[in-house]
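Below, each chain spelled out in residue letters.
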Amino acid sequence: MLKQLFAVASVMLVTPALAEVAVIVNPANQQAISESDIKNLFSGKQKGFADGKVAIVLSLPEGDSLRSDFHKNALGKTDAQMKAYWSKVMFTGKGTPPKEVTADEMLKLVAENPNTIGLLDAAKVTAAVRVVGKF
Amino acid sequence: MRYWLILALLCCCTVWADDRFQFSGYGSLVAGKVVGGELDPSGEKEFQVDFYDYAFYTEELDFEQESMVALQMRADVMERLSATIQLVAKGADGWSPDIDWAYLSYQVGQDGNLMVGRRMLPMYYFSEYMEVGYAYPWLRPPANLYWWEITQFNGLTYAHSLRAGDWTFTPSVFAGRETQRDIKSHDFWRNRGGYYFPPEGTYIAGTADVTWSKILGANLAVNNDWVDLRASYFRTHYNTTSEIFFTDELDLNNDGVVDQRIERRLKPDGSPYISGDWPLTDFDLDFYGLGGSLTFEHVIVLFDYNYVVYDDGYGSKFPTFYFSLVYNHETWQPYVGLSTAKLELSKDWQGFGVGDAEEHQIMTVGLRYNLGSSAAIKLEYNDFSDKGDRLPWYDFSYHNDARLLSVGVDFVF
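Keep in mind that what you see is a predicted model, and the values were worked out from it rather than measured.

Student: I'd like to hear about the overall build of chain A, residue by residue, with values.
Tutor: Looking only at helices and strands, chain A features five helices and five strands. By residue count, 46% of the 135 residues in chain A fall in the buried class. Residue pairs in contact within chain A that sit at least 24 positions apart in sequence constitute 71% of those at least 6 positions apart. Carbon together with sulfur atoms contributes 61% to the accessible area of chain A, which is approximately 6,700 Å² in total.

This is the structure we're talking about:
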């Protein structure tokens, strides 16, 4: 019994780390997107893709663990630090944070719109989108 | 009444929650109390925290001096063009809403941004968002640096970003002007004697106004994942004026004793006498600054060095700096800080003398606790020490030693 409990506890501890975040774009967007581009797009320092098109950056709702993992692994910041960063940027007219959409909307929006870039659980990626980075 | 206006605007947020409009905001609830220090000339122990809105604490617990709320509305007018307005209501200002920001922003290509309208003046590293408490670790930026009566301007700003790998370089240029009327802190100083040093027989009667005209400056911001640096320069023409009056002393029977005093406040045409156009109140100002933050695994280092030069009668120079260390923890962020400000007089104005006229320092210890990702509680202790010689300079009240304890909640929505 104790062993089982321990096993359950270990799974609970390990599971969140297994979820990998995929950064996705529309398959029509075949441009090279580097890790720096991803960091810059998701922190508002870069507004568009290499071809000059303005990017529509999509993120997951606040509190979503995938979003927190992305902040930590890709941008090196905690959720609170990102919120502080965006409050500085948006209240000084230097940009607006990514639009928040649910995981279901994400797949649909990116599959439909060639100007989007978003985040998705790597396990949920389909052929309708192209993965440009994993964190 | 003003609370209702803010509430009405907040309600609009939900009604107009359309894709073209974005509503957001921030605020702070702060309470503070002076816990030690020296009496100033008014007989109180005071700690000044905001020169612009003339906010200060005494030994009485006070909730209004720094509490404030701001609401930002942004509308996408058309592709690449947006309009933003920020309404700010502060306790120190009787909760009367002010328009701190109101500008049109046009995206030029992918990396350029032209902003036209009213914005915060990019002086110190934290100037542009000094009121957004949630965005920085401390309860407030060091009060002895962020003390200007002008913090916004009306004009143009153009910024252009260049990227190389993880590095982003953003040069920007700005130009404009600003006038602030009825400045409370000037009234305050005037009432304690000084600052305008009007000619004999002349006294200040009305409120003081300050104008910064021909503001022209440039910034360079450089950043990557862990480095964020900003160099800034601007020049402006500073002018402060006030209504004044003369007292005519009449010796009617020539016995050497004044028999009658007559105040003259208005010129024969009925307009007030205005003071101001002399080398102490009308001069060029140059501002130089270099500040930034360095984020290491466990520690964030924040610093700002600034040098302000007045081409005034005294040849005033203000070297100021701060340095702060913040423990970089997700939830608890203890911090320490040190800021110093000096005034040096380099020209002898009418025998007033040259040399150091003021020097003061604030030591800060505090703790920020993040409550989820939209609010933070802060507890801060500040020790202000007056290190300057009192002579030849006047003893302005905010230069007394004072120790302040404050607690606050900063939030964004």
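Having seen it, we continue.
Student: How would you explain the overall build of chain B if you had to name every residue and give the values?
Tutor: Helix and strand content of chain B: two helices and 21 strands. Burial analysis of chain B (413 residues in total) assigns 53% to the buried set. Of the contacts formed within chain B by residues at least 6 apart in sequence, a portion of 62% connects residues at least 24 apart. In the form shown here, chain B has an accessible surface area of approximately 18,600 Å², with 60% of it arising from carbon and sulfur atoms.

Student: For the sheet that holds strand 3 (residues 99-100) of chain A, give the residues involved together with the corresponding values.
Tutor: Residue and element names in this part refer to chain A. Spatial ordering of the open sheet is given by 3-2-4-1-5, a layout of five strands whose pairing is mixed. The open sheet has two edge strands with one neighbour each: strand 3 and strand 5 (130-134). Taken together, the two bridges between strand 2 (residues 56-59) and strand 3 define a ladder with parallel strand orientation. Paired with serine 59 across the strands is glutamate 100, a residue of strand 3. Of the strands in this sheet, strand 1 (21-25), strand 2, strand 3 and strand 4 (116-121) are in contact with helix 3 (residues 65-73), which crosses strand 1 at around 90 degrees.

Student: Quick rundown of the interface of chain B and chain A? Include the residues and the values.
Tutor: Taken together, the contact between chain B and chain A spans 38 residues of the former and 29 residues of the latter. Buried area between chain B and chain A, summed over both chains or domains, comes out near 2,600 Å², and the portion from carbon and sulfur atoms is 47%. At the junction of chain B with chain A, the criterion picks out five salt bridges. Between aspartate 228 of chain B and lysine 88 of chain A there is a salt bridge whose closest N-O contact spans 3.4 Å. Connecting chain B to chain A are 17 residue pairs in polar contact (both at pLDDT 80 or more).

Student: For the packing of aromatic side chains, give the residues involved together with the corresponding values.
Tutor: Residue and element names in this part refer to chain B. One pass over the structure, following the stated rule, counts 29 aromatic pairs over all chains. Here the aromatic rings of tryptophan 332 and tyrosine 369 are separated by 4.4 Å at their centres, their planes lie at 45 degrees, and the arrangement is tilted. You can see tryptophan 332 sitting in strand 18 (residues 332-345) and its partner tyrosine 369 sitting in strand 19 (residues 355-371), a full 37 residues away along the chain. Here tyrosine 369 falls in the partly exposed class, since its relative accessible area comes to 27%. Members of the aromatic cluster, connected to one another through ring pairs, are Tyr124, Trp148, Phe153, Phe174, Trp212, Phe234, Tyr238, Phe283, Phe287, Tyr310 and Phe318. Over the ring of tyrosine 134 we find arginine 368, and its NZ or CZ is 4.8 Å from the ring centre.

Student: Which residues make up helix 3 of chain A, and what are the values?
Tutor: All names here are of chain A. Buried within helix 3 are the following residues: Leu66, Arg67, Phe70 and His71. Down the axis of helix 3, the buried set is contained in an arc of 140 degrees. They therefore lie on one face. Each element contacted by the buried residues of helix 3 is listed here: strand 1, helix 2 (35-42), strand 2, helix 4 (79-90), strand 3 and strand 4.

Student: So what about the pattern of salt bridges? Which residues, and what values?
Tutor: A complete count under the given rule lists 22 salt bridges over all chains for this structure. For the salt bridge of glutamate 178 of chain B with arginine 118 of chain B, the shortest nitrogen-to-oxygen distance reads 2.9 Å. Of this pair, glutamate 178 of chain B sits in strand 10 (residues 167-180) while arginine 118 of chain B is found in strand 7 (residues 112-120), placing the two residues 60 residues apart along the sequence. Each of the two residues, glutamate 178 of chain B as well as arginine 118 of chain B, counts as buried. When the shortest N-O distance is used, the salt bridge between lysine 347 of chain B and aspartate 311 of chain B registers 3.7 Å. Note that lysine 347 of chain B is positioned in the loop between strand 18 and strand 19 and aspartate 311 of chain B in the loop between strand 16 (299-310) and strand 17 (316-327), a separation of 36 residues in sequence. When salt bridges with common partners are traced through the structure, they connect Lys39 of chain A together with Asp166 and Asp225 of chain B into a single cluster.

Cut-offs used in this document
- Residues numbered from 1 in each chain as written.
- Chains lettered and ligands numbered in written order.
- Predicted model: local features only at pLDDT ≥ 70, side-chain atom pairs only at ≥ 80, totals over all residues.
- Heavy atoms only, no water.
- Helix = DSSP H or I, 4+ residues; strand = E, 2+ residues; numbered from the N terminus.
- Buried < 20%, exposed > 50% of the residue type's maximum accessible area, 1.4 Å probe, protein only.
- Contact = heavy atoms within 4.5 Å.
- Areas by Shrake-Rupley, 256 points an atom, 1.4 Å probe, with all protein chains shown as cover.
- Pairing = 2+ DSSP bridges.
- Axes fitted to C-alpha atoms, helices over the stretch in contact; angles between N-to-C directions.
- Buried area = accessible area lost by both parts, 1.4 Å probe.
- Salt bridge = Lys/Arg side-chain N within 4 Å of Asp/Glu carboxyl O.
- Polar contact = N/O pair within 3.5 Å; in protein donor to acceptor, adjacent residues only side chain to side chain.
- Phe/Tyr/Trp six-rings, centres within 6.5 Å; stacked < 30°, edge-to-face > 60°.
- Lys NZ or Arg CZ within 6 Å of the ring centre and 35° of its normal.
- Arc of directions from axis to C-beta.

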